[in-house]
Amino acid sequence: MEEVKYLLDIGVILIITKALGIISRKFSLPPVVGALLAGIFLGPVCLNLVQPNDTISALAEIGVIVLMFEAGLETDMKELKRSGFASLIIAVLGVITPLILGYIVAGSMTTEILQRIFVGVILTATSVSITVETLQDMGKLKTSAGTAILGAAIIDDILGILLLSIITSVGESGSTDAISVLGVFGKMIVFFVLALLSGMLVFRFFQYLLKGLNEEHKRRIPVFAFAFCLLSAYVSELFGIADITGAYIAGIVLCNLSQNDYIKTKVEVVSYMLCTPIFFASIGIKTDLSGLTSSAFSFTILICIVAILSKVIGCGLGAKLCHYSNKESLQIGVGMISRGEVALIVANKGIKSGLMDERLFAPMIVMVIVTTLLTPILLKFVFSERMEYRKDKEHAIAHK
(Lines give C-alpha, C1' and ligand atoms only; values in the text may rest on other atoms or scores of the structure.)
Protein backbone atom coordinates (compact mmCIF):
# COMPACT_ATOMS: atom_id res chain seq x y z
CA MET A 1 0.00 0.00 0.00
CA GLU A 2 2.98 2.30 0.47
CA GLU A 3 3.35 2.80 -3.28
CA VAL A 4 -0.13 4.35 -3.50
CA LYS A 5 0.01 6.36 -0.27
CA TYR A 6 0.50 9.49 -2.38
CA LEU A 7 -3.21 9.22 -3.31
CA LEU A 8 -4.15 9.48 0.36
CA ASP A 9 -1.68 12.34 0.86
CA ILE A 10 -3.07 14.33 -2.06
CA GLY A 11 -6.68 13.75 -0.99
CA VAL A 12 -5.95 14.89 2.58
CA ILE A 13 -4.00 17.93 1.37
CA LEU A 14 -6.82 19.06 -0.93
CA ILE A 15 -9.49 18.68 1.76
CA ILE A 16 -7.54 20.47 4.50
CA THR A 17 -6.24 23.29 2.27
CA LYS A 18 -9.72 24.06 0.93
CA ALA A 19 -11.30 23.82 4.41
CA LEU A 20 -8.76 26.19 5.94
CA GLY A 21 -9.01 28.42 2.85
CA ILE A 22 -12.75 28.81 3.51
CA ILE A 23 -12.07 29.58 7.18
CA SER A 24 -9.46 32.15 6.13
CA ARG A 25 -12.06 33.86 3.95
CA LYS A 26 -14.43 34.03 6.91
CA PHE A 27 -11.80 36.09 8.73
CA SER A 28 -11.15 38.26 5.63
CA LEU A 29 -7.77 36.61 5.09
CA PRO A 30 -6.41 35.42 1.71
CA PRO A 31 -6.73 31.65 1.01
CA VAL A 32 -2.94 31.35 0.73
CA VAL A 33 -2.76 31.75 4.52
CA GLY A 34 -5.14 28.82 4.99
CA ALA A 35 -3.17 26.68 2.53
CA LEU A 36 0.11 27.44 4.31
CA LEU A 37 -1.41 26.65 7.70
CA ALA A 38 -2.80 23.41 6.26
CA GLY A 39 0.71 22.30 5.32
CA ILE A 40 2.07 23.25 8.75
CA PHE A 41 -0.85 21.41 10.38
CA LEU A 42 -0.24 18.22 8.32
CA GLY A 43 3.56 18.38 8.49
CA PRO A 44 6.16 17.71 11.21
CA VAL A 45 5.26 20.87 13.16
CA CYS A 46 1.87 19.41 14.20
CA LEU A 47 0.41 16.04 13.17
CA ASN A 48 3.18 14.76 10.87
CA LEU A 49 0.57 12.99 8.71
CA VAL A 50 2.15 13.87 5.37
CA GLN A 51 5.83 13.67 4.49
CA PRO A 52 7.38 15.14 1.34
CA ASN A 53 7.67 12.58 -1.46
CA ASP A 54 8.51 12.58 -5.18
CA THR A 55 4.88 12.80 -6.30
CA ILE A 56 4.02 15.76 -4.08
CA SER A 57 7.29 17.48 -5.03
CA ALA A 58 6.57 17.04 -8.76
CA LEU A 59 2.99 18.34 -8.43
CA ALA A 60 4.21 21.24 -6.28
CA GLU A 61 6.75 22.11 -8.99
CA ILE A 62 4.01 22.12 -11.63
CA GLY A 63 1.94 24.24 -9.23
CA VAL A 64 4.62 26.93 -8.98
CA ILE A 65 5.08 26.90 -12.77
CA VAL A 66 1.32 27.35 -13.27
CA LEU A 67 1.26 30.20 -10.73
CA MET A 68 4.00 32.08 -12.58
CA PHE A 69 2.35 31.38 -15.93
CA GLU A 70 -0.87 32.89 -14.55
CA ALA A 71 1.09 35.90 -13.27
CA GLY A 72 2.46 36.42 -16.78
CA LEU A 73 -0.99 36.08 -18.36
CA GLU A 74 -2.36 38.66 -15.91
CA THR A 75 0.34 41.22 -16.81
CA ASP A 76 -1.44 44.32 -18.07
CA MET A 77 0.91 45.84 -20.65
CA LYS A 78 -1.41 48.82 -21.18
CA GLU A 79 -1.36 49.56 -17.45
CA LEU A 80 2.42 49.26 -17.51
CA LYS A 81 2.69 51.82 -20.32
CA ARG A 82 0.17 54.13 -18.65
CA SER A 83 1.85 54.18 -15.25
CA GLY A 84 5.24 54.39 -16.98
CA PHE A 85 8.19 56.15 -15.45
CA ALA A 86 6.69 56.70 -11.98
CA SER A 87 5.97 53.00 -11.52
CA LEU A 88 9.48 52.15 -12.71
CA ILE A 89 11.08 54.44 -10.09
CA ILE A 90 8.80 53.10 -7.33
CA ALA A 91 9.54 49.49 -8.28
CA VAL A 92 13.31 49.96 -8.60
CA LEU A 93 13.64 51.59 -5.18
CA GLY A 94 11.18 49.04 -3.80
CA VAL A 95 13.54 46.29 -4.96
CA ILE A 96 16.91 47.86 -4.10
CA THR A 97 15.97 48.80 -0.51
CA PRO A 98 14.80 45.33 0.69
CA LEU A 99 17.63 43.68 -1.26
CA ILE A 100 20.27 45.70 0.63
CA LEU A 101 18.54 45.52 4.02
CA GLY A 102 17.87 41.79 3.62
CA TYR A 103 21.54 41.19 2.79
CA ILE A 104 22.63 43.11 5.90
CA VAL A 105 20.16 41.44 8.28
CA ALA A 106 20.92 37.92 6.96
CA GLY A 107 24.51 38.45 8.12
CA SER A 108 23.36 37.60 11.64
CA MET A 109 22.51 34.04 10.50
CA THR A 110 24.99 33.19 7.75
CA THR A 111 28.30 34.40 6.37
CA GLU A 112 27.70 32.95 2.88
CA ILE A 113 27.41 35.86 0.44
CA LEU A 114 25.02 34.12 -1.98
CA GLN A 115 22.73 33.05 0.88
CA ARG A 116 22.63 36.60 2.22
CA ILE A 117 21.84 37.96 -1.25
CA PHE A 118 19.11 35.36 -1.63
CA VAL A 119 17.39 36.54 1.56
CA GLY A 120 17.41 40.02 0.02
CA VAL A 121 15.93 38.62 -3.21
CA ILE A 122 13.07 37.03 -1.25
CA LEU A 123 12.33 40.38 0.39
CA THR A 124 12.13 42.14 -2.99
CA ALA A 125 8.99 40.15 -3.86
CA THR A 126 5.55 41.76 -3.85
CA SER A 127 2.21 39.97 -4.02
CA VAL A 128 -0.25 42.63 -5.12
CA SER A 129 -3.32 40.35 -5.23
CA ILE A 130 -4.09 40.94 -1.54
CA THR A 131 -3.67 44.70 -1.99
CA VAL A 132 -5.93 44.74 -5.06
CA GLU A 133 -8.65 42.81 -3.25
CA THR A 134 -8.51 45.16 -0.24
CA LEU A 135 -8.55 48.31 -2.39
CA GLN A 136 -11.46 46.98 -4.44
CA ASP A 137 -13.46 46.40 -1.25
CA MET A 138 -12.76 49.99 -0.17
CA GLY A 139 -13.43 51.46 -3.63
CA LYS A 140 -9.86 52.87 -3.79
CA LEU A 141 -8.37 50.78 -6.60
CA LYS A 142 -8.76 53.51 -9.24
CA THR A 143 -7.10 56.23 -7.14
CA SER A 144 -3.70 57.60 -8.17
CA ALA A 145 -2.06 55.53 -5.40
CA GLY A 146 -3.93 52.37 -6.48
CA THR A 147 -2.87 52.80 -10.11
CA ALA A 148 0.76 53.38 -9.07
CA ILE A 149 0.73 50.22 -6.93
CA LEU A 150 -0.55 48.11 -9.85
CA GLY A 151 2.07 49.43 -12.27
CA ALA A 152 4.92 49.15 -9.77
CA ALA A 153 3.90 45.58 -8.84
CA ILE A 154 4.15 44.47 -12.48
CA ILE A 155 7.67 45.91 -12.82
CA ASP A 156 8.54 44.54 -9.36
CA ASP A 157 7.67 41.02 -10.57
CA ILE A 158 9.85 41.41 -13.68
CA LEU A 159 12.82 42.73 -11.67
CA GLY A 160 12.36 39.98 -9.07
CA ILE A 161 12.39 37.28 -11.75
CA LEU A 162 15.57 38.77 -13.25
CA LEU A 163 17.28 38.82 -9.84
CA LEU A 164 16.20 35.24 -9.14
CA SER A 165 17.51 34.14 -12.54
CA ILE A 166 20.88 35.79 -11.91
CA ILE A 167 21.39 34.45 -8.39
CA THR A 168 20.28 30.88 -9.22
CA SER A 169 22.47 30.83 -12.31
CA VAL A 170 25.50 32.05 -10.34
CA GLY A 171 24.70 29.55 -7.56
CA GLU A 172 24.47 26.62 -9.98
CA SER A 173 27.77 27.60 -11.63
CA GLY A 174 29.37 27.06 -8.20
CA SER A 175 31.74 29.99 -8.61
CA THR A 176 31.61 33.74 -8.03
CA ASP A 177 34.80 34.73 -9.87
CA ALA A 178 34.51 37.33 -12.65
CA ILE A 179 34.87 34.88 -15.55
CA SER A 180 32.15 32.55 -14.21
CA VAL A 181 29.79 35.44 -13.54
CA LEU A 182 30.37 36.80 -17.06
CA GLY A 183 29.65 33.33 -18.42
CA VAL A 184 26.37 33.26 -16.49
CA PHE A 185 25.38 36.66 -17.88
CA GLY A 186 26.29 35.50 -21.36
CA LYS A 187 23.99 32.46 -21.05
CA MET A 188 21.22 34.70 -19.70
CA ILE A 189 21.55 37.13 -22.60
CA VAL A 190 21.38 34.26 -25.11
CA PHE A 191 18.33 32.86 -23.31
CA PHE A 192 16.45 36.16 -23.27
CA VAL A 193 17.29 36.90 -26.92
CA LEU A 194 16.00 33.44 -27.89
CA ALA A 195 12.95 33.96 -25.66
CA LEU A 196 12.21 37.27 -27.42
CA LEU A 197 12.56 35.84 -30.93
CA SER A 198 10.68 32.60 -30.19
CA GLY A 199 8.03 34.57 -28.28
CA MET A 200 7.28 36.69 -31.35
CA LEU A 201 6.96 33.56 -33.48
CA VAL A 202 4.77 31.77 -30.92
CA PHE A 203 2.49 34.82 -30.57
CA ARG A 204 1.99 34.91 -34.34
CA PHE A 205 1.36 31.15 -34.36
CA PHE A 206 -1.38 31.54 -31.75
CA GLN A 207 -2.92 34.42 -33.70
CA TYR A 208 -2.97 32.20 -36.79
CA LEU A 209 -4.58 29.37 -34.80
CA LEU A 210 -7.27 31.66 -33.44
CA LYS A 211 -8.23 32.78 -36.95
CA GLY A 212 -8.71 29.22 -38.14
CA LEU A 213 -10.57 27.80 -35.12
CA ASN A 214 -14.31 27.94 -34.59
CA GLU A 215 -16.00 28.11 -31.19
CA GLU A 216 -15.99 24.33 -30.79
CA HIS A 217 -12.28 23.91 -31.45
CA LYS A 218 -10.97 26.88 -29.47
CA ARG A 219 -10.70 24.53 -26.47
CA ARG A 220 -7.38 23.43 -27.94
CA ILE A 221 -5.85 26.87 -27.38
CA PRO A 222 -5.42 26.53 -23.56
CA VAL A 223 -3.82 23.10 -24.12
CA PHE A 224 -1.28 24.57 -26.56
CA ALA A 225 -0.73 27.52 -24.20
CA PHE A 226 -0.07 25.25 -21.23
CA ALA A 227 2.28 23.09 -23.32
CA PHE A 228 4.16 26.25 -24.35
CA CYS A 229 4.45 27.19 -20.65
CA LEU A 230 5.95 23.81 -19.72
CA LEU A 231 8.36 23.82 -22.67
CA SER A 232 9.49 27.36 -21.80
CA ALA A 233 10.11 26.27 -18.19
CA TYR A 234 12.14 23.29 -19.43
CA VAL A 235 14.26 25.39 -21.82
CA SER A 236 15.03 27.97 -19.11
CA GLU A 237 16.33 25.16 -16.90
CA LEU A 238 18.59 24.03 -19.76
CA PHE A 239 20.19 27.48 -19.64
CA GLY A 240 20.66 27.23 -15.88
CA ILE A 241 17.83 29.70 -15.22
CA ALA A 242 14.93 29.00 -12.85
CA ASP A 243 12.03 27.23 -14.60
CA ILE A 244 9.57 29.80 -13.27
CA THR A 245 11.34 32.43 -15.39
CA GLY A 246 10.40 30.53 -18.54
CA ALA A 247 6.84 30.06 -17.29
CA TYR A 248 6.49 33.77 -16.52
CA ILE A 249 7.86 34.75 -19.94
CA ALA A 250 5.41 32.34 -21.60
CA GLY A 251 2.55 34.11 -19.82
CA ILE A 252 3.80 37.55 -20.91
CA VAL A 253 4.09 36.35 -24.53
CA LEU A 254 0.43 35.28 -24.53
CA CYS A 255 -1.03 38.04 -22.33
CA ASN A 256 -2.16 40.18 -25.31
CA LEU A 257 -3.98 37.40 -27.16
CA SER A 258 -7.67 38.00 -27.84
CA GLN A 259 -8.43 34.70 -26.03
CA ASN A 260 -6.27 35.56 -23.02
CA ASP A 261 -9.21 35.51 -20.59
CA TYR A 262 -10.33 32.13 -21.92
CA ILE A 263 -6.82 30.69 -21.47
CA LYS A 264 -6.64 32.07 -17.91
CA THR A 265 -10.01 30.55 -17.05
CA LYS A 266 -8.94 27.07 -18.15
CA VAL A 267 -5.49 27.27 -16.57
CA GLU A 268 -7.06 28.40 -13.28
CA VAL A 269 -9.05 25.14 -13.17
CA VAL A 270 -5.82 23.11 -13.19
CA SER A 271 -4.29 25.50 -10.68
CA TYR A 272 -7.23 25.72 -8.25
CA MET A 273 -8.18 22.04 -8.23
CA LEU A 274 -4.80 20.39 -7.84
CA CYS A 275 -1.41 22.03 -8.33
CA THR A 276 -1.57 25.29 -6.36
CA PRO A 277 -3.02 23.84 -3.11
CA ILE A 278 -0.33 21.14 -3.16
CA PHE A 279 2.41 23.73 -3.73
CA PHE A 280 1.36 25.92 -0.79
CA ALA A 281 0.76 22.91 1.45
CA SER A 282 4.18 21.49 0.51
CA ILE A 283 5.78 24.73 1.76
CA GLY A 284 4.07 24.25 5.12
CA ILE A 285 5.00 20.56 5.21
CA LYS A 286 8.68 21.46 4.67
CA THR A 287 8.59 23.95 7.53
CA ASP A 288 10.33 22.61 10.62
CA LEU A 289 10.27 24.76 13.75
CA SER A 290 12.29 22.31 15.86
CA GLY A 291 15.50 24.14 14.99
CA LEU A 292 14.08 27.57 15.81
CA THR A 293 16.67 28.67 18.37
CA SER A 294 16.61 31.95 20.27
CA SER A 295 18.86 33.53 17.62
CA ALA A 296 16.57 32.25 14.84
CA PHE A 297 13.54 33.60 16.73
CA SER A 298 15.21 37.02 17.02
CA PHE A 299 16.04 36.87 13.32
CA THR A 300 12.39 36.07 12.54
CA ILE A 301 11.19 39.19 14.36
CA LEU A 302 13.91 41.30 12.73
CA ILE A 303 13.20 40.03 9.21
CA CYS A 304 9.48 40.76 9.64
CA ILE A 305 10.25 44.35 10.68
CA VAL A 306 12.70 44.79 7.79
CA ALA A 307 10.21 43.27 5.32
CA ILE A 308 7.59 45.87 6.30
CA LEU A 309 9.82 48.93 6.58
CA SER A 310 11.92 48.24 3.47
CA LYS A 311 8.89 48.38 1.15
CA VAL A 312 7.33 51.38 2.92
CA ILE A 313 10.64 53.29 2.78
CA GLY A 314 11.78 52.15 -0.70
CA CYS A 315 8.46 52.44 -2.55
CA GLY A 316 7.39 55.46 -0.51
CA LEU A 317 10.62 57.28 -1.37
CA GLY A 318 10.19 56.36 -5.04
CA ALA A 319 6.64 57.76 -4.97
CA LYS A 320 7.83 60.95 -3.28
CA LEU A 321 10.50 61.44 -5.96
CA CYS A 322 7.70 61.19 -8.54
CA HIS A 323 5.81 64.03 -6.81
CA TYR A 324 3.14 62.02 -5.03
CA SER A 325 1.90 63.54 -1.76
CA ASN A 326 3.13 62.27 1.61
CA LYS A 327 -0.14 60.42 2.16
CA GLU A 328 -0.11 58.83 -1.32
CA SER A 329 3.56 57.83 -0.88
CA LEU A 330 2.68 56.09 2.40
CA GLN A 331 -0.30 54.35 0.76
CA ILE A 332 1.88 53.10 -2.11
CA GLY A 333 4.57 51.85 0.28
CA VAL A 334 2.01 50.00 2.42
CA GLY A 335 0.35 48.54 -0.68
CA MET A 336 3.63 46.87 -1.67
CA ILE A 337 4.30 45.19 1.72
CA SER A 338 2.60 41.83 1.16
CA ARG A 339 4.99 39.09 0.00
CA GLY A 340 2.39 36.30 -0.36
CA GLU A 341 2.88 33.52 -2.89
CA VAL A 342 5.69 35.30 -4.77
CA ALA A 343 8.09 35.16 -1.80
CA LEU A 344 7.10 31.54 -1.17
CA ILE A 345 7.96 30.64 -4.75
CA VAL A 346 11.38 32.31 -4.47
CA ALA A 347 12.11 30.76 -1.05
CA ASN A 348 11.17 27.32 -2.36
CA LYS A 349 13.59 27.79 -5.27
CA GLY A 350 16.29 28.77 -2.78
CA ILE A 351 15.90 25.57 -0.79
CA LYS A 352 15.85 23.39 -3.92
CA SER A 353 18.95 25.01 -5.41
CA GLY A 354 20.86 25.02 -2.11
CA LEU A 355 21.05 28.82 -2.07
CA MET A 356 19.26 29.17 1.25
CA ASP A 357 20.13 27.63 4.60
CA GLU A 358 17.25 25.54 5.96
CA ARG A 359 17.51 27.52 9.22
CA LEU A 360 16.28 30.54 7.26
CA PHE A 361 13.27 28.79 5.74
CA ALA A 362 10.94 28.92 8.77
CA PRO A 363 11.62 32.66 9.42
CA MET A 364 10.80 33.36 5.76
CA ILE A 365 7.47 31.51 6.08
CA VAL A 366 6.60 33.49 9.21
CA MET A 367 7.55 36.72 7.39
CA VAL A 368 5.21 35.85 4.50
CA ILE A 369 2.31 35.12 6.87
CA VAL A 370 2.91 38.31 8.90
CA THR A 371 3.14 40.62 5.86
CA THR A 372 0.13 38.94 4.27
CA LEU A 373 -1.97 39.42 7.42
CA LEU A 374 -0.80 42.98 8.13
CA THR A 375 -1.19 44.49 4.65
CA PRO A 376 -5.04 44.66 4.57
CA ILE A 377 -5.11 46.09 8.11
CA LEU A 378 -2.51 48.77 7.32
CA LEU A 379 -4.17 49.61 4.00
CA LYS A 380 -7.51 50.23 5.69
CA PHE A 381 -5.76 52.57 8.13
CA VAL A 382 -3.78 54.62 5.57
CA PHE A 383 -6.87 54.94 3.31
CA SER A 384 -9.19 55.71 6.25
CA GLU A 385 -11.32 58.85 6.63
CA ARG A 386 -9.14 59.83 9.58
CA MET A 387 -6.13 59.98 7.30
CA GLU A 388 -8.15 61.99 4.77
CA TYR A 389 -9.11 64.48 7.50
CA ARG A 390 -5.48 64.76 8.64
CA LYS A 391 -4.37 65.43 5.07
CA ASP A 392 -6.98 68.17 4.58
CA LYS A 393 -5.98 69.77 7.90
CA GLU A 394 -2.28 69.76 6.96
CA HIS A 395 -3.16 71.22 3.56
CA ALA A 396 -5.18 74.05 5.19
CA ILE A 397 -2.36 74.89 7.64
CA ALA A 398 0.20 74.94 4.84
CA HIS A 399 -1.85 77.47 2.83
CA LYS A 400 -2.63 79.91 5.70
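(A) Quick peek at the pattern of salt bridges. All told, the structure shown has 7 salt bridges when counted by the stated rule. Among the ionic pairs, Glu61 bridges to Lys352, the shortest N-O distance being 2.8 Å. Of this pair, Glu61 sits in helix H3 (residues 54-73) while Lys352 sits in helix H14 (residues 340-353), and the two are 291 residues apart along the sequence. Its salt-bridge partner being Lys311, residue Asp156 comes within 2.8 Å of it at the nearest N-O pair. You can see Asp156 sitting in helix H7 (residues 144-173) and its partner Lys311 sitting in helix H12 (residues 294-321), a full 155 residues away along the chain. Residues participating in the shared-partner salt-bridge network are Glu61, Asp243, Lys349 and Lys352.

(B) Main features of a nonpolar patch on the surface. A cluster of nonpolar side chains, Phe85, Leu88, Val92, Ile96, Ile100 and Ile104, forms an exposed patch at the surface whose accessible area comes to about 540 Å². With respect to the helices and strands, Phe85 occurs in helix H4 (residues 77-106).

(C) A look at the nonpolar core. Judged by nonpolar contacts, the single largest core of 84 residues is most densely connected at Ile122, Leu254, Ile303 and Met367. Take this core: its biggest share by element is 10 residues, from H3. Not counting chain neighbours up to four residues away, the residues in contact with Ile303 comprise Val105, Val119, Leu123, Pro363, Met364 and Met367. Grouped together as the second largest cluster of nonpolar side chains are 24 residues, Leu135, Ala153, Cys322 and Leu379 included.

(D) Examining unusual backbone geometry more closely. Within the chain, Asn48 stands out as a residue other than glycine whose phi angle is a positive 55°. You can see Asn48 is positioned in the loop between helix H2 (31-42) and H3. Among the residues examined, Asn48 registers a relative accessible area of 41% and is labelled partly exposed. For His323, which is not a glycine, the phi torsion comes out positive at approximately 70°. Of note, His323 is situated in the loop between H12 and helix H13 (326-335). Classification of His323 as exposed rests on a relative accessible area of 74%.

(E) The arrangement of helix H1 (residues 5-26) in detail. Taking 1.5 Å per residue as the helical rise, H1 with its 22 residues ought to reach 32 Å, and the 32 Å between its terminal C-alpha atoms agrees with that figure. Of the positions making up H1, those classed as buried are Asp9, Ile10, Ile13, Thr17, Gly21 and Ser24. Looking straight down H1, one finds that the buried residues subtend no more than 90° of arc, so they occupy a single side. Turned more than 90 degrees away from the buried face of H1 sit Leu7, Leu8, Ile15, Ile22 and Lys26, all of them exposed. Elements that come into contact with the buried residues of H1 comprise H2, H3 and helix H11 (260-286). Following H1 by one or two positions, Ser28 has its phi on the positive side, about 60°.

(F) Fine view of the packing of aromatic side chains. Counted under the stated rule, the structure contains 4 aromatic pairs. With a centroid separation of 5.9 Å and an interplanar angle of 85°, the aromatic rings of Phe205 and Phe206 are classed as edge-to-face. Classification of Phe205 by relative accessible area gives partly exposed; the value is 42%. Through pairs of rings, three or more aromatic residues link up here, namely Phe191, Phe192 and Phe239. In this structure, Lys18 packs its charged tip against the face of Tyr272, placed 3.5 Å from the ring centre. Taking NZ or CZ as reference, Arg116 lies 4.1 Å from the ring centre of Tyr103, over its face.

(G) The packing of H1 against H3, seen in detail. Here H1 crosses H3 at 45°, and the two axes come no closer than 9 Å. One way to sum up the angle between H1 and H3 is to call them oblique. Touching Tyr6, Asp9, Ile10 and Ile13 of H1 are Thr55, Ile56 and Leu59, all from H3.

(H) Layout of the environment of Ala250. Note on placement: Ala250 falls in helix H10 (residues 243-254). Classification of Ala250 by relative accessible area gives buried; the value is 0%. As a C-alpha pair, Ala250 and Leu114 span 136 residues in sequence and 28 Å in three-dimensional space. If we ignore the near neighbours within four places in the chain, the residues touching Ala250 are Phe69, Phe228, Cys229 and Ser232.

Conventions used here
- Residues numbered from 1 in each chain as written.
- Predicted model: local features only at pLDDT ≥ 70, side-chain atom pairs only at ≥ 80, totals over all residues.
- Heavy atoms only, no water.
- Salt bridge = Lys/Arg side-chain N within 4 Å of Asp/Glu carboxyl O.
- Helix = DSSP H or I, 4+ residues; strand = E, 2+ residues; numbered from the N terminus.
- Patch = residues over 30% accessible without salt bridge, like charges linked within 9 Å, V, L, I, M, F, W, Y side chains within 5 Å.
- Areas by Shrake-Rupley, 256 points an atom, 1.4 Å probe, with all protein chains shown as cover.
- Core = buried A, V, L, I, M, F, W, Y, C linked by side-chain atoms within 4.5 Å.
- Buried < 20%, exposed > 50% of the residue type's maximum accessible area, 1.4 Å probe, protein only.
- Contact = heavy atoms within 4.5 Å.
- Expected span 1.5 Å × (residues − 1).
- Arc of directions from axis to C-beta.
- Phe/Tyr/Trp six-rings, centres within 6.5 Å; stacked < 30°, edge-to-face > 60°.
- Lys NZ or Arg CZ within 6 Å of the ring centre and 35° of its normal.
- Axes fitted to C-alpha atoms, helices over the stretch in contact; angles between N-to-C directions.
- Parallel < 35°, antiparallel > 145°, perpendicular 65-115°, else oblique.

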